[in-house]
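# A structural walkthrough
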Amino acid sequence: SLVHHHERTPDAVDLVGVNGAGPLVLAARAQAGALIRRCAVDTAGFRFEKLTAPDAVNFLPGAVAYGDVPGLLALSAPGELWVAGEGKSLPEVAIKAFTAAGKKDAATTFDGKSEELTTRAIEWLNR
């Protein structure tokens, strides 16, 4: 919302979410829509459904009801997305969303060494 209403709205913004920020960055992208050009995230396999208390730092009301992290990944379609923490491929719902948008190749997964993660994400953004 801040970027949409800023006096100098940029043409596009790239986001990076690592070190626990991946799911939150995905939620921000879902809200910002096409303003987010490219997004690189590490979900670290996180799922909101595993949280046990509503005062948990990563609690997001409604996240589980609307598809959890796989749903947020799906909402990134058709934008460019780089994802670590989900294994060798995206969850099925995200694959279907990118395919339906005609942008199956817009999503890239990383299943390499964790110490290379941030470097690889930045390299992907700078390509």
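For the structure itself, consult the block above.
Now for a description of the structure that goes with this document. (Residues numbered from 1 in each chain as written. Predicted model: local features only at pLDDT ≥ 70, side-chain atom pairs only at ≥ 80, totals over all residues. Heavy atoms only, no water.)

### Considering the overall build of the chain
Along its length, the chain carries 4 helices and 4 strands. Counting from the amino terminus, helix and strand elements in the chain follow one another as β-α-β-α-β-α-β-α. By principal-axis analysis of the C-alpha atoms, the chain measures approximately 40 × 35 × 30 Å. Taking as baseline every contact in the chain between residues at least 6 positions apart, the subset at least 24 positions apart corresponds to 56%. Between the centroid of the 13 positive side chains of the chain and the centroid of its 15 negative side chains there is a distance of 5 Å. (Helix = DSSP H or I, 4+ residues; strand = E, 2+ residues; numbered from the N terminus. Contact = heavy atoms within 4.5 Å. Lys, Arg positive; Asp, Glu negative; His and termini not counted. Charge placed at Lys NZ, Arg CZ, Asp CG, Glu CD.)

### Comments concerning the side chain of aspartate 68
Tracing the chain through its elements places aspartate 68 in helix H2 (residues 68–74). Salt bridges are absent for the buried aspartate 68, whose nearest opposite-charge side chain, arginine 47, sits at 5.0 Å. A distance of 3.0 Å separates a polar atom in the side chain of aspartate 68 from the backbone nitrogen of glutamate 49. Beyond its immediate sequence surroundings of up to four residues, aspartate 68 is in contact with Arg47, Phe48, Glu49 and Ala63. (Buried < 20%, exposed > 50% of the residue type's maximum accessible area, 1.4 Å probe, protein only. Salt bridge = Lys/Arg side-chain N within 4 Å of Asp/Glu carboxyl O. Polar contact = N/O pair within 3.5 Å; in protein donor to acceptor, adjacent residues only side chain to side chain.)

### Things to note about the sheet that holds strand E2 (residues 36–42)
Spatially, E1-E2-E3-E4 is the arrangement adopted by the 4 strands of the open sheet, whose pairing is parallel. Lying at the two open borders of the sheet, with one neighbouring strand each, are strand E1 (13–17) and strand E4 (107–110). Each strand of the sheet is rotated relative to its neighbour by a mean of 10 degrees, with strand direction disregarded. (Pairing = 2+ DSSP bridges. Axes fitted to C-alpha atoms, helices over the stretch in contact; angles between N-to-C directions.)

### Looking at the pairing of E1
Pairing of E1 with E2, which is carried by 5 bridges, proceeds in the parallel orientation. The partner of valine 16 across the bridge, within E2, is alanine 40. Taken together, E1, helix H1 (residues 22–32) and E2 form a β-α-β motif whose crossover is right-handed. (Right-handed = clockwise from strand over helix to strand, strands pointing away.)

### Section: the layout of surface pockets
There is about 210 Å³ of room inside the largest pocket. Lining the largest pocket we find Ala27, Ala30, Gln31, Leu60, Pro61, Gly62, Ala63, Tyr66, Asp68, Gly71, Leu72 and Leu75. Taken together, the elements giving at least two residues each to the lining of the largest pocket come down to H1 and H2. Class assignment for the residues of the lining of the largest pocket results in 8 nonpolar, 3 polar and 1 charged. (1 Å grid on protein atoms, 1.4 Å probe; cavity = no way out; pocket = protein on both sides within 12 Å on 5 of 7 lines; lining within 4 Å. Points joined across faces, edges and corners; volume = space filled by probe spheres on them. Nonpolar A, V, L, I, M, F, W, Y, C, P; charged D, E, K, R; others polar.)

Everything listed here is a matter of geometry and, on its own, says nothing about what the molecule does.
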